[in-house]
Amino acid sequence: MFDIRKIQEQVIYKAVKDGSNEETAREIVYGSDEQGKPEDNPTWVKSTMKRLENQFDQSIVHQIRRNCQCGYGMDEKLALVKELVDISSSIEEFGNQDKAKAAGLFCNNGELYLQFHFCPCPMLEGVDRLETDTWCQCTTGYSKVLFEKAFMCQVEVELLKSIKMGDDKCLMKIIPENNIWK
């Protein structure tokens, strides 16, 4: 069994360090008093995001969090999305496949969306509610990587709703830069 907390500490540390320096990364991940009392995961998530938000402006915070995606299960999800691309002739057809719908994908007015009716993040299991969407930006980074590999073009991902922010579902808009089907 892998330690999801240790993985998150490492990816956040690396993303912050890449965007600033080691000292800032250490302070954000571990706090200014590294020998402080151990925090449970929900407390750590909230305090780490607060330290991140206090250190950087929102666009940098979102970019750092997008770079924190863990890649868990990427290969199987990528295989599914590539399969759906191969058997579709348009974004509408792609989003209306039964397998797409089962995976949370759908197309509405020519726009592609991905939704979850549960929070897929194991780090948020004990978190009742988040004050901001900062933590959830890692899923936009994950989706960006996934769809860019499958669509073979740049993709933007917008987080529209988050269960942990009080919404009824997690919802992202997937925006390919190019037409996938020519």
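Notes on the structure in this doc start here. (Residues numbered from 1 in each chain as written. Predicted model: local features only at pLDDT ≥ 70, side-chain atom pairs only at ≥ 80, totals over all residues. Heavy atoms only, no water.)

### Notes on the pattern of salt bridges
A pair can form between side chains of opposite charge whenever their charged atoms are brought close.
Here comes step 1: Enumeration according to the criterion identifies 11 salt bridges in this entry.
Here comes step 2: Between Glu 22 and Arg 26 there is a salt bridge, with its nearest N and O atoms 3.9 Å apart. Of this pair, Glu 22 and Arg 26 both sit in helix 2 (residues 22-30), separated by 4 residues, roughly a single helical turn.
Here comes step 3: Residue Glu 22 is classed as partly exposed on the basis of its relative accessible area, which comes to 43%.
Here comes step 4: Residues joined in a network through salt bridges with shared partners are Arg 5, Lys 6 and Glu 9. (Salt bridge = Lys/Arg side-chain N within 4 Å of Asp/Glu carboxyl O. Helix = DSSP H or I, 4+ residues; strand = E, 2+ residues; numbered from the N terminus. Buried < 20%, exposed > 50% of the residue type's maximum accessible area, 1.4 Å probe, protein only.)

### Section: the sheet that holds strand 1 (residues 105-108)
Here comes step 1: Strand order across the open sheet formed by 4 strands is 1-2-4-3, with antiparallel pairing between neighbours. With partners counted over all chains shown, the strands left at the sheet margins are strand 1 and strand 3 (155-161), one partner each. Here the strands of the sheet are splayed against their neighbours by 30° on average, with no regard to which way each runs.
Here comes step 2: The sheet contact formed by strand 2 (residues 111-116) and strand 4 (residues 170-176) spans 5 bridges and is antiparallel. (Pairing = 2+ DSSP bridges. Axes fitted to C-alpha atoms, helices over the stretch in contact; angles between N-to-C directions.)

### What to know about the nonpolar core
Here comes step 1: If you look at the biggest cluster of nonpolar residues, it comprises 51 residues, and the most contacted ones within it are Phe 94, Trp 135, Phe 147, Phe 151 and Ile 174.
Here comes step 2: Counting residues per element, this core draws most heavily on helix 8 (residues 137-151), which supplies 6 residues.
Here comes step 3: The residues touching Phe 94, leaving out its near neighbours within four places in the chain, are Val 81, Leu 84, Val 85, Ser 88, Ala 100, Leu 105, Leu 112, Phe 147, Phe 151 and Trp 181. (Core = buried A, V, L, I, M, F, W, Y, C linked by side-chain atoms within 4.5 Å. Contact = heavy atoms within 4.5 Å.)

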